[in-house]
Protein chains: 2
Amino acid sequence: MNSRPAPFDDLDRKIVTALMANARTSFAEIGSAVGLSATAVKRRVDRMRETGVITGFTATVTPEALGWRTEAYVEVYCEGAAPPRRLAEVVRNHPEITAAMTVTGGADALLHVRARDVDHFEAVLERIRTEPFIRKTISVMVLSHLLPESPEAGASQPAPDVR
Amino acid sequence: MNSRPAPFDDLDRKIVTALMANARTSFAEIGSAVGLSATAVKRRVDRMRETGVITGFTATVTPEALGWRTEAYVEVYCEGAAPPRRLAEVVRNHPEITAAMTVTGGADALLHVRARDVDHFEAVLERIRTEPFIRKTISVMVLSHLLPESPEAGASQPAPDVR
DNA sequence: TGTGAAACCAGGAAGAT
DNA sequence: ATCTTCCTGGTTTCACA
């Protein structure tokens with residue numbers, strides 16, 4: 001995406017740090033923390049968005065609050081060679097898949113899945129397994145988190161039902 | 001944290017959706033999108049932060065841009081019973097661990113690890129394996145992402161070196 | 001990069017529904 | 001109660017130096 005090194009100095013790093021800590025911090029405040037004017041900070045942020053260093057600003061939400069109470073990792077095994085392009089298509093058909101990647105090891109891909117509950121998860125799993133060239137899946141359910149679950153939280157679709 | 005169900009209506013859902021799409025959207029703009037005044041939107045956002053529905057606002061950053069070019073999942077197997085409390089302590093000792101959870105299946109825990117490169121990852125792995133009651137680890141390296149890697153991006157520590 | 005100006009926004013007070 | 005309107009100080013964003 002950016003073959004060019006895209007100059008990225010300590011000032012940029014400090015600005016990014018500030019925005020990761022609180023994406024709603026005003027440019028003026030960031031500026032006085034790093035020693036720039038608000039305008040200069042804005043210009044740097046705009047540039048970092050253009051070059052793809054910063055991809056967006058998002059609210060981090062407790063998934064449980066939105067009704068996503070079940071979380072699992074699913075290893076996917078494909079028939080024959082698994083073309084990543086085709087896999088990517090498949091993955092986009094299932095909104096419950098919040099992350100997906102090709103990996104080393106026995107499996108072809110690893111999916112991160114969020115569902116309302118175990119019933120919903122089972123339905124998602126069945127739906128995934130009917131996809132053409134998926135041979136088998138192995139699911140690992142998440143029991144509890146050992147870290148404050150920083151971002152990585154958001155099922156970008158916000159809401160099923162909350163009782 | 002929230003013993004009370006914390007009423008959460010469609011308006012709240014829309015507000016959260018707007019903030020997840022762009023955490024820097026002004027309250028006024030959100031208000032005109034959902035049919036409320038800016039003040040009303042702010043109050044609802046404040047309440048959602050208090051009740052823990054919204055845990056923060058953060059910039060999403062391409063990890064590669066910050067020098068994290070290697071990513072892996074590490075299954076952890078412990079000696080005997082693995083007390084989650086102790087595991088959580090261990091996990092916090094290694095800043096490269098960006099997510100950690102207890103899971104079903106053969107392993108006791110699953111770690112998400114980011115490192116600068118494979119050398120760095122190897123060092124992290126060795127460091128983890130010297131922890132007292134960790135018996136063995138199985139690593140799965142991430143090759144490529146099949147989804148735009150929404151959040152879940154951030155190693156909350158921003159920077160090693162960018163060549 | 002910084003400065004200045006105009007438009008816009010945040011956040012509180014007071015009042016209407 | 002919760003929403004709205006109004007108001008003041010701060011913020012964003014532009015053109016220009």
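Residues numbered from 1 in each chain as written. Chains lettered and ligands numbered in written order. Predicted model: local features only at pLDDT ≥ 70, side-chain atom pairs only at ≥ 80, totals over all residues. Heavy atoms only, no water.

Going by an unreviewed UniProt entry, chain A carries the name AsnC family transcriptional regulator and comes from Streptomyces griseoviridis.

Colleague: Quick rundown of the overall build of chain A? Include the residues and the values.
Modeller: Within chain A one finds five helices and five strands. When the helices and strands of chain A are read in sequence order from the N terminus, they spell out α-α-α-β-β-α-β-β-α-β. Classification of the 163 residues of chain A by burial places 49% in the buried group. Taking as baseline every contact in chain A between residues at least 6 positions apart, the subset at least 24 positions apart corresponds to 70%. For chain A, the accessible surface area stands at approximately 8100 Å², while carbon and sulfur atoms represent 51% of it. (Helix = DSSP H or I, 4+ residues; strand = E, 2+ residues; numbered from the N terminus. Buried < 20%, exposed > 50% of the residue type's maximum accessible area, 1.4 Å probe, protein only. Contact = heavy atoms within 4.5 Å. Areas by Shrake-Rupley, 256 points an atom, 1.4 Å probe, with all protein chains shown as cover.)

Colleague: Can you lay out the domain arrangement of chain A for me, pointing to particular residues and giving the numbers?
Modeller: Taken as a whole, chain A is organised into domain 1 (10-51) and domain 2 (63-141). A separation of 37 Å is found between the C-alpha centroids of domain 1 of chain A and domain 2 of chain A. (Domains from an automatic or database assignment.)

Colleague: Could you give an account of the protein's contact with DNA strand D, with specific residues and numbers?
Modeller: In the neighbourhood of DNA strand D, 13 residues make up the surrounding shell, with Phe-27 and Lys-42 of chain A together with Ser-37, Arg-43 and Arg-44 of chain B lying closest. Near-protein atoms of DNA strand D (within 4 Å) split between backbone and bases, with sugar and phosphate holding 67%. With respect to DNA strand D, the backbone of Phe-27 of chain A contributes an N or O atom lying 2.9 Å from a phosphate oxygen. Within the residue set of the surface near DNA strand D, elements represented by two or more residues are helix H2 (27-34) and helix H3 (38-50) of chain A together with helix H3 (38-50) of chain B. Considering each element in turn, the surface near DNA strand D owes the most residues, four residues, to H3 of chain B. Partitioning the surface near DNA strand D into residue classes produces four nonpolar, five polar and four charged. (Near = heavy atom within 4 Å. Polar contact = N/O pair within 3.5 Å; in protein donor to acceptor, adjacent residues only side chain to side chain. Nonpolar A, V, L, I, M, F, W, Y, C, P; charged D, E, K, R; others polar.)

Colleague: Got a sec to walk through the packing of aromatic side chains? Specific residues and values, please.
Modeller: Scanning all chains against the criterion turns up one aromatic pair over all chains. Positioned over the ring face of Phe-57 of chain A is Arg-24 of chain B, at 5.7 Å from the centre of the ring. Lying over the aromatic face of Tyr-77 of chain B, Lys-136 of chain B brings its terminal NZ or CZ to 4.7 Å of the ring centre. (Phe/Tyr/Trp six-rings, centres within 6.5 Å; stacked < 30°, edge-to-face > 60°. Lys NZ or Arg CZ within 6 Å of the ring centre and 35° of its normal.)

Colleague: Before we move on, could you go through the environment of Arg-92 of chain B and cite the residues and values that matter?
Modeller: Tracing the sequence through the fold places Arg-92 of chain B in helix H4 (residues 84-92). Owing to a relative accessible area of 53%, Arg-92 of chain B belongs among the exposed residues under this scheme. Non-local contacts of Arg-92 of chain B, meaning those with residues more than four positions away in its chain, are made with Leu-146 and Leu-147 of chain A.

Colleague: Which residues make up the protein's contact with DNA strand C, and what are the values?
Modeller: DNA strand C sits among Arg-24, Leu-36, Ser-37, Thr-39, Ala-40, Arg-43 and Arg-44 of chain A together with Ser-26, Phe-27, Ala-28, Thr-39 and Lys-42 of chain B. Between a phosphate oxygen of DNA strand C and a side-chain N or O atom of Arg-44 of chain A, the distance comes to 2.8 Å. Within the backbone of Phe-27 of chain B, an N or O atom sits 3.2 Å from a phosphate oxygen of DNA strand C. For the surface near DNA strand C, the elements supplying multiple residues, two or more each, are H3 of chain A together with helix H2 (27-34) and H3 of chain B. Class assignment for the residues of the surface near DNA strand C results in four nonpolar, four polar and four charged.

Colleague: Would you mind going over the relation of the copies chain A and chain B in detail, with residue names and values included?
Modeller: When chain A is fitted to chain B, the residual RMSD is 0.2 Å, and the transformation amounts to a turn of 180° plus an axial shift of 0.1 Å. Read as a symmetry element, the transformation amounts to a two-fold axis. The overlap is high: 100% of the interface residues of chain A also sit at the interface in chain B, so the same surface is used on both sides. (Least-squares fit on C-alpha atoms with pLDDT ≥ 70 in both.)

Colleague: Help me get a handle on a negative patch on the surface, residues and values and all.
Modeller: Side chains of Asp-117, Asp-119, Glu-122 and Glu-126 of chain A sit close together on the surface and give a patch of like negative charge. Tracing the chain through its elements places Asp-117 of chain A in the loop between strand S4 (109-115) and helix H5 (118-129). (Patch = residues over 30% accessible without salt bridge, like charges linked within 9 Å, V, L, I, M, F, W, Y side chains within 5 Å. Salt bridge = Lys/Arg side-chain N within 4 Å of Asp/Glu carboxyl O. Lys, Arg positive; Asp, Glu negative; His and termini not counted. Charge placed at Lys NZ, Arg CZ, Asp CG, Glu CD.)

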